Amino acid sequence: MGTVTQFIVFVSIVFSVYGLMNYYVCRKILLQTHFPTGVNAAIIAFLILMVVSPFICRIGMFRRMDGFHYGLTLVSSLWMGVLFYLLILNAGVDLVNALGRLIGWIIPGTSPNDVISPGYPIFFIILIVTSGICTYGYFEALNIGVSRVTIETHKLPRGVDRVTIAQISDVHLGVLVGESRLKKIARIIEELHPDILISTGDLVDENLDSMDYLAEELKSIRPRLGKYAITGNHEFYAGLERSVRFTEDSGFIMLRNQYANVHGIINLIGLDDPTAKNFNDNSGEGIPTLFSRCDPELFTILLRHQPRAFKKNASSMPMDLQLSGHTHKGQIFPFNLLTHILFPLQGGFFEVDGKKLYSSRGTGTWGPPLRFLSPPEIVIIELRKL
């Protein structure tokens, strides 16, 4: 199956699923309420617009973003979060009613009736709960915290007692995560005074043609031992050449299946995201060759966007620490329960077979500009000499 065909199939599936989600919520709203015909027509028109808006916004991203496309992107992205909670809350009501009807059929002398009757009360309860969660989630996404990890090691060279590494991941610079968020990230990093800054992928998202000025903001961050970055899947989606150029213009050294000896203090190995295979990109060297270049006397850090393979490969890789991101720890609860199936090691510090992993929750947002019970973070890893 060709790339174009795969893309058409993927878009068709996404469009169908998203359309069905909106149809289900629309049907539940109309069944639970008795709004006038005009109001119902407005609700239906709005939901149709929300279904097609991701594609309208995508077209807008191929040119400089104007006010209309920005506003539509913001509304449609927020709607994705609202839709998610309207969907699961209404599905919860349907599940309770289905169980109630089942019990009514099974137990003699009872009738198979709904436990929760449709109507204005349940509509407004669901609406209030959804509004509360999404309002909280919007502000939680803006509240970037600092997570700290201390690792003691004998692998620091003579005269170096500690090294401080700042990790950002999944910033998703683009239409919604822009200048104001980036200024906040830069201010926090500068206040922390790290020796090294590392980006573990998805620094960028879309619409790079209108984001050149953001590179200057990132360039102003100058840790004494430098800045290093790897690709995430979104660097490929946004256009690899433009993404790499933007990252390098921001002052980062890109490690694309490459090794770097950082001032004779630590080893860094940066791997491309597996998405590279879908784009027939085979930059850099193989993993065994990269590890063979490492000074075995120095602390070795593997930069890998996705933490999926860590548990399986930790014992076979001569690394001390892996830094990853990608999962956002689900970003909005209870989506983290689903991402946990694919990525059991998400959102925190883990140790397997003596090898350590920090899997970042991410610094920005993707899709809905919300975070619920998964706040954004900048990670500070302090290596201390034993």
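In this report, the structure presented in the accompanying data block is examined. This structure is a prediction, so every number in the text was calculated from the model and none was measured.

Of the regular secondary structure elements, the protein chain holds 11 helices and 12 strands. Principal axes of the C-alpha set define a box for the protein chain whose edges measure 80 × 55 × 45 Å. Here the protein chain holds 386 residues, and the buried ones make up 51% of them. For the protein chain, the proportion of contacts with a sequence separation of at least 24, taken over those separated by at least 6, is 75%. Total accessible area on the protein chain stands at roughly 18,800 Å², and carbon and sulfur atoms take up 62% of it. Of note, the protein chain has its 34 positive side-chain charges centred 3 Å away from the centre of its 33 negative side-chain charges.

Below, the discussion takes up the packing of aromatic side chains. Counted by the stated rule, this structure contains 12 aromatic pairs. Consider the rings of Phe-123 and Phe-124, whose centres lie 5.1 Å apart with planes at 70°: the pair is edge-to-face. Ring centres of Tyr-136 and Phe-372 lie 5.9 Å apart, and the angle between their planes is 90°; this geometry places the pair in the edge-to-face category. Of the two residues, Tyr-136 sits in helix α4 (residues 120-142) while Phe-372 sits in the loop between β11 (355-359) and β12 (377-385), which places them 236 residues apart along the sequence.

Here we come to the sheet that holds β11. Reading across the sheet, the six strands line up as β6-β7-β8-β9-β11-β10 and stay open at both edges, with mixed pairing between neighbours. Either end of the sheet is taken by a strand with one partner, and the two such strands are β6 (258-262) and β10 (348-352). Geometrically, the sheet is characterised by an average inter-axis angle of 20° between neighbouring strands, direction not taken into account. Relative to strand β7 (residues 266-270), β6 runs antiparallel, the two sharing five bridges. Residue pairing across strands places Tyr-259 opposite Ile-269, the latter belonging to β7.

Looking now at the environment of Gln-306. Turning to its location among the elements, Gln-306 is positioned in the loop between β8 (299-303) and α10 (310-313). Separated by 32 residues in sequence, Gln-306 and Pro-274 have C-alpha atoms that sit 8.5 Å apart. Those residues within four positions of Gln-306 in sequence are excluded, and the remaining contacts are Asp-273, Pro-274, Gln-322, Ser-324, His-326 and Phe-343. In this structure the side chain of Gln-306 is engaged in a polar contact, spanning 3.0 Å, whose partner is the side chain of Asp-273.

With that out of the way, let us pick up a nonpolar patch on the surface. Judged by side-chain polarity, Leu-95, Leu-99, Leu-102, Ile-103, Trp-105, Ile-106 and Ile-107 come together as a nonpolar surface patch covering roughly 780 Å² of accessible area. Residue placement: Leu-102 occurs in helix α3 (residues 67-106). Among the residues examined, Leu-102 registers a relative accessible area of 47% and is labelled partly exposed.

What follows deals with the sheet that holds strand β5 (residues 253-254). Backbone-to-backbone hydrogen bonds join strands into a sheet, with any given pair of strands oriented parallel or antiparallel. In space, the six strands of this open sheet follow the order β1-β12-β2-β3-β4-β5, with mixed pairing throughout. Here the strands that pair on one side only, and so sit at the sheet edges, are β1 (145-153) and β5. Here strand β3 (residues 196-199) pairs with strand β4 (residues 227-229) via three bridges, running parallel. Note on β4: the bridge partner recorded for Ser-199 is Ala-229.

Next up on the list: the layout of surface pockets. The computed volume of the second largest pocket comes to approximately 440 Å³. Lining the second largest pocket are 18 residues, and of these Asp-272, Asp-273, Pro-274, Lys-277 and Arg-304 lie nearest its centre. Here the lining of the second largest pocket is composed, by residue class, of five nonpolar, six polar and seven charged.

With 23 residues, α4 extends 33 Å from end C-alpha to end C-alpha; this agrees with the ideal 33 Å at 1.5 Å per step. Residues of α4 that are buried: Ile-122, Phe-123, Ile-126, Thr-130, Ile-133, Cys-134, Gly-137, Glu-140 and Ala-141.

Topologically, Met-254 is positioned in strand β5. Residues Met-254 and Asp-272, 18 residues apart in the sequence, show an inter-C-alpha distance of 9.8 Å. Setting aside its immediate chain neighbours within four residues, Met-254 contacts Ala-229, Ile-230, Thr-231, Val-244, Thr-247 and Glu-248.

Cut-offs and rules
- Residues numbered from 1 in each chain as written.
- Predicted model: local features only at pLDDT ≥ 70, side-chain atom pairs only at ≥ 80, totals over all residues.
- Heavy atoms only, no water.
- Helix = DSSP H or I, 4+ residues; strand = E, 2+ residues; numbered from the N terminus.
- Buried < 20%, exposed > 50% of the residue type's maximum accessible area, 1.4 Å probe, protein only.
- Contact = heavy atoms within 4.5 Å.
- Areas by Shrake-Rupley, 256 points an atom, 1.4 Å probe, with all protein chains shown as cover.
- Lys, Arg positive; Asp, Glu negative; His and termini not counted.
- Charge placed at Lys NZ, Arg CZ, Asp CG, Glu CD.
- Phe/Tyr/Trp six-rings, centres within 6.5 Å; stacked < 30°, edge-to-face > 60°.
- Pairing = 2+ DSSP bridges.
- Axes fitted to C-alpha atoms, helices over the stretch in contact; angles between N-to-C directions.
- Polar contact = N/O pair within 3.5 Å; in protein donor to acceptor, adjacent residues only side chain to side chain.
- Patch = residues over 30% accessible without salt bridge, like charges linked within 9 Å, V, L, I, M, F, W, Y side chains within 5 Å.
- Salt bridge = Lys/Arg side-chain N within 4 Å of Asp/Glu carboxyl O.
- 1 Å grid on protein atoms, 1.4 Å probe; cavity = no way out; pocket = protein on both sides within 12 Å on 5 of 7 lines; lining within 4 Å.
- Points joined across faces, edges and corners; volume = space filled by probe spheres on them.
- Nonpolar A, V, L, I, M, F, W, Y, C, P; charged D, E, K, R; others polar.
- Expected span 1.5 Å × (residues − 1).

Everything listed is a geometric property; what it means functionally is a separate question.
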